[in-house]
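Residues per chain, in single letters:
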Amino acid sequence: MGISWSNTNSNSNRRRRNNYPPPFPPPYYYSSDAHPPQLPPPPPPSQPPPPQGYYFPPTNPSTTPYVGTHPLPPAPPPQTHSFYYSNGYATPTAAAATTNAPNYANRLHYHPYYANQGAPAWAPVRPPVAAAAAAAPPPYVDHQTTKKIRNDVNLHKDTLRLEIDELNPDHHLVSFVFDALFDGRFTIYYLAKEEEKCRFIPLYPDAFAPISFPFQKGVGQKFCQPPGTGIDLGFFELEDLAKPSPEEDLFPLVICAETSMRTSEDETSDGSTIDASPHMQITQAVLVKSNGIGPFEVKVIRQILWIDGVRYELRELYGIGSGSTAADFDDNDPGKECVICMTEPKDTAVLPCRHMCMCSECAKALRLQSNKCPICRQPIEELMEIKINNDDK
Amino acid sequence: MANSNLPRRIIKETQRLLSEPAPGISASPSEDNMRYFNVMILGPTQSPYEGGVFKLELFLPEEYPMAAPKVRFLTKIYHPNIDKLGRICLDILKDKWSPALQIRTVLLSIQALLSAPNPDDPLSENIAKHWKSNEAEAVETAKEWTRLYASGA
C-alpha cells in the first residue's frame, strides 16, 4: 500500500521562480542548515491556514521531497502510508475541502484540523518563490507525478492530549493514538529545537530531559504516558508553551516516534541495505491554556517524516477519499470523479491550495485556459498528479 | 447534429438531474438538442416569488464546462438582478464561473438569488432603485408579478 509521486521535472523550481506572478500568499521557508532571518513572517492567509510550517530542503533541492500522511478515516482500517513529492512546495493557504462540486451559495470551508477526517494528506516543501514580474504570460504550471514512501509509524495528530497526572497534580502526561508497522519507541521532548538530520535538542536538558517509551507494532493503539513520568510545566511561561517558532525549529512539545531496525524488504533495489538511519515521525505541537486557566490543549503545528536521511513534511490533501484510486473507482460516486469531466477518477491536486479535484487530462486542459483552482479559485502554482499503487499491498 | 459527441459529463449531469432533482428545481433537456434545457424553478418560500413557477432556458455552450452555461428567465419576474429580457446578473455565470460548478449548482444559485435580491449590483436599474427606495412596495410589485406571470397557469 502506499502512494507515491516521482519527480519528473528536476529543474522546474528554478524556472518557476522567474515565471510566476507573486505567489499567493507569499511563502516563507526555513532550512535546517540555514535560517533566513531576513524573511518576513507569513501574512495571514485569507482562508484558514493549515497548521504546519514550511520547509526548505536542507540538502539538494532537486531531490528533496515532501510527504503527506494518510490520516485515518474514522471507520476504515488504519493506514500508515504517505505521500511523497519531490521538488514541491507549499503555502499556508488551505480552504474548502470538498469532494463535491461546490454550490456557490453554500461553499464549504473546512478547518484544517478537521479536514483530514477521511482525507489523506500530503506535505509539501517548496523552494523560495521570488516575487516575479507581474504580467506573466499564461503561467507555467508544473505538472508532476508522485512516488511513494511508506510511513512506518503514525501518530494521529488529532488525538494528542496532555493530561494531569492524578498522582502528581502538578505533572502532565502525554497520550495519543498511533499506528505502527514495526516495534519502536517514542521520545517526548519539551521545548526542543530541531537540529540537522532531524535530531532534537531540548533547550533545558537539565530540567526536562527527553523521556522515551517503547511501543509495539499494531494499528489504532493508544499510548498513555505512565503516571509518575510526567512533567511539571510550571517552570515555563505559558506564552512560551503556546508559541511555535517554526523559523527556529523550536516547539514546546515534540514527540519523536521511531521504528527500530527495518526489515529486509526495505533494502534498496541494488541489494545494499540502507544504513541504520532510523525511520521517524515527528510531531511538533504547542500547548495552549485558554485564558491562561484550565487544562492544556495540544495543538499540533507540524508533522515531519524522517526516512533514510530525507526529511519530509506532512500535509493534507483535500478531496482525496481513501478510495479515490483508479482501482476501486466507482463510476457513480460523485466524490471520486474529476470535477471537470465527471468521468475519470481524480488524481491531480492543485497547489498551493491542495484541492485534489481533477483527472490529469482535465488538469492539462484547464491550465491552458485558467490559472484558478476549480474548487477555491486560488491561483494554481502547480499541479501534482498522484499515482496510487495498489500492487504492493 | 448537436447531440453527436455529447461529452460524458453532460450526459451524466443530465441523468443525475433527472434521477435526483434538486428541491424546487426541474431541468430536462430538449429532445433535439441535448445542450438545451427547459428549466423550472419554484419561487422560494418566504420570498416575494413564493408560489410562482418560473421557466428558464439553459444552454451549455461548446466550451462547457470550461465556460459557464447560458441561462435566462423566460417567465417575467420583478427582481433587481434580472432584466426584462430575463438575463441574470450572477457572478458565477460570468467571471466567477468554475468548471467545478454544474447545472445543478447554477440553478441552486439562481434559486438562492430569488431569496436574496441584491439591489446594490443591479441589472435592472429601475427595479433596483425601487428596491432601495421602497423595499416594501417593490416586494409587493414582485408578488404581484409572481401572481400575474408565474402562477403556473
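Residues numbered from 1 in each chain as written. Chains lettered and ligands numbered in written order. Predicted model: local features only at pLDDT ≥ 70, side-chain atom pairs only at ≥ 80, totals over all residues. Heavy atoms only, no water.

If you check an unreviewed UniProt entry, chain B appears there as E2 ubiquitin-conjugating enzyme from Arachis hypogaea. Listed in UniProt under the heading Sequence similarities (unreviewed entry), the comment for chain B reads: "Belongs to the ubiquitin-conjugating enzyme family." (UniProt positions renumbered as here; feature names shortened; annotations may be inferred.)

In the annotation of an unreviewed UniProt entry, chain A is listed under the name RING-type E3 ubiquitin transferase and assigned to Arachis duranensis. We quote the UniProt Pathway (unreviewed entry) comment for chain A here in full: "Protein modification; protein ubiquitination." Per its UniProt entry, chain A bears the Sequence similarities (unreviewed entry) comment "Belongs to the RING-type zinc finger family. LOG2 subfamily."

Observations regarding the pattern of salt bridges
Under the counting rule described, the total for this entry stands at 18 salt bridges over all chains. With its nearest N and O atoms 3.7 Å apart, the salt bridge here joins D95(B) to K96(B). One salt-bridge network, held together by shared partners, links E194(A), D249(A), R302(A) and R311(A). (Salt bridge = Lys/Arg side-chain N within 4 Å of Asp/Glu carboxyl O.)

Some points on helix 4 (residues 360-369) of chain A
Quick reminder: α-helices carry 3.6 residues per turn. Residues three or four places apart thus point the same way. Residues and elements named next belong to chain A. Taken as a whole, helix 4 has its buried residues at S360, C362, A363 and L366. The arc that holds the buried residues of helix 4, viewed along the axis, is 150°, so those residues lie on one side. Seen from the open side of helix 4, the exposed residues pointing more than 90 degrees away from its buried face are E361, L368 and Q369. (Buried < 20%, exposed > 50% of the residue type's maximum accessible area, 1.4 Å probe, protein only. Helix = DSSP H or I, 4+ residues; strand = E, 2+ residues; numbered from the N terminus. Arc of directions from axis to C-beta.)

Structural notes on the UniProt feature "domain: RING-type" (unreviewed entry) in chain A
Using the residue numbers shown here, the UniProt feature "domain: RING-type" (unreviewed entry) corresponds to residues 338-377 of chain A. Structurally, residues 338-377 of chain A is divided into 25% helix and 20% strand, and its ends, taken at the C-alpha atoms, are 16 Å apart.

Some points on a nonpolar patch on the surface
Residue and element names in this part refer to chain A. A cluster of nonpolar side chains, contributed by L203, Y204 and F235, occupies part of the molecular surface with about 300 Å² of accessible area. Tracing the sequence through the fold places L203 in the loop between strand 10 (199-202) and strand 11 (211-215). Owing to a relative accessible area of 40%, L203 belongs among the partly exposed residues under this scheme. (Patch = residues over 30% accessible without salt bridge, like charges linked within 9 Å, V, L, I, M, F, W, Y side chains within 5 Å. Areas by Shrake-Rupley, 256 points an atom, 1.4 Å probe, with all protein chains shown as cover.)

A few points about the packing of aromatic side chains
Taken as a whole and assessed by the stated rule, the structure comprises 15 aromatic pairs over all chains. Here the aromatic residues F176(A), F178(A), F186(A), F213(A), F215(A) and F223(A) are joined through ring pairs into a cluster of three or more. It is K289(A) that lies over the ring of F296(A); its NZ or CZ is 4.7 Å from the centre. We note K76(B) situated over the ring of Y149(B); from NZ or CZ to the ring centre the distance is 5.2 Å. (Phe/Tyr/Trp six-rings, centres within 6.5 Å; stacked < 30°, edge-to-face > 60°. Lys NZ or Arg CZ within 6 Å of the ring centre and 35° of its normal.)

Concerning the interface of chain A and chain B
Many structure descriptions define interface size as the accessible area lost when the parts assemble. Counting from both sides, the interface comprises 21 residues of chain A and, opposite them, 19 residues of chain B. At the junction of chain A and chain B, the tally comes to two salt bridges. Its salt-bridge partner being R16(B), residue E337(A) comes within 2.8 Å of it at the nearest N-O pair. Viewed at the interface, chain B and chain A are joined by seven residue pairs in polar contact (both at pLDDT 80 or more). (Contact = heavy atoms within 4.5 Å. Polar contact = N/O pair within 3.5 Å; in protein donor to acceptor, adjacent residues only side chain to side chain.)

Concerning the UniProt feature "active site" (unreviewed entry) in chain B
Residues and elements named next belong to chain B. UniProt's feature table lists "active site" (unreviewed entry) at C89, given in the numbering used throughout. Residue position: C89 is located in the loop between strand 4 (70-73) and helix 2 (103-115). On the basis of relative accessibility, which here comes to 17%, the residue C89 falls in the buried class.

Concerning the environment of A138(B)
All names here are of chain B. Relative to the assigned elements, A138 resides in helix 4 (residues 135-149). Residue A138 is classed as buried on the basis of its relative accessible area of 0%. Taking the C-alpha atoms as reference, A138 lies 8.3 Å from Y78; in sequence the two are 60 residues apart.

Quick notes on the side chain of Q111(B)
Residue and element names in this part refer to chain B. Examined against the element boundaries, Q111 turns out to sit in helix 2. On the basis of relative accessible area, Q111 is assigned to the buried category, the value being 16%. At 3.2 Å, the side chain of Q111 forms a polar contact with the backbone oxygen of P23. Setting aside residues up to four positions removed in sequence, Q111 forms contacts with P23, G24, I25, I41, L42 and P44.

So, the sheet that holds strand 4 of chain B
Strand pairs in the sheet, formed through backbone hydrogen bonds, run parallel or antiparallel to each other. All names here are of chain B. On the basis of which strands lie adjacent, the open sheet formed by four strands has the order 1-2-3-4 and antiparallel pairing. In this open sheet, the two edge strands, each paired with only one partner strand, are strand 1 (25-29) and strand 4. In this sheet, neighbouring strand axes are inclined to one another by 20° on average, regardless of whether the strands run parallel or antiparallel. Sheet topology places strand 3 (residues 53-59) next to strand 4; four bridges connect them, and they run antiparallel. Across the sheet, residue L56 finds its bridge partner in strand 4, namely F73. Across the sheet, helix 1 (residues 8-19) lies against strand 1 and strand 2 (36-42), angled at about 135° from strand 1, the strand it touches most. (Pairing = 2+ DSSP bridges. Axes fitted to C-alpha atoms, helices over the stretch in contact; angles between N-to-C directions.)

Describing the confidence of the model for chain A
Residues and elements named next belong to chain A. Per-residue pLDDT for chain A averages 65, and the proportion of residues at 70 or more is 53%. Mean pLDDT per element in chain A: helix 2 (residues 112-115) is the minimum at 30, and strand 12 (residues 218-224) is the maximum at 93. Here residues 262-276 scores under 50 on pLDDT; set against residues more than four positions off or in separate chains, the count is 15 contacts. Below a pLDDT of 50 lies the segment residues 323-327, which in the model reaches nine contacts outside its immediate sequence neighbourhood of four places, other chains included. (pLDDT = per-residue confidence, 0-100.)

Examining the nonpolar core
One recurring pattern in soluble globular proteins: nonpolar side chains tend to sit buried together. If you look at the biggest cluster of nonpolar residues, it comprises 39 residues, and the most contacted ones within it are F73(B), I88(B), L107(B) and I110(B). Secondary-structure elements contributing two or more residues to this core are helix 1, strand 1, strand 2, strand 3, strand 4, helix 2, helix 3 (125-133) and helix 4 of chain B. Broken down by element, this core gets its largest block of residues, six residues, from helix 2 of chain B. The residues touching I88(B), leaving out its near neighbours within four places in the chain, are L56(B), V71(B), R72(B), F73(B), N81(B), I82(B), L93(B), K94(B), I110(B), L113(B) and L123(B). Residues L241(A), A257(A), A285(A) and V298(A) belong to the second largest nonpolar core, which totals 28 residues. (Core = buried A, V, L, I, M, F, W, Y, C linked by side-chain atoms within 4.5 Å.)

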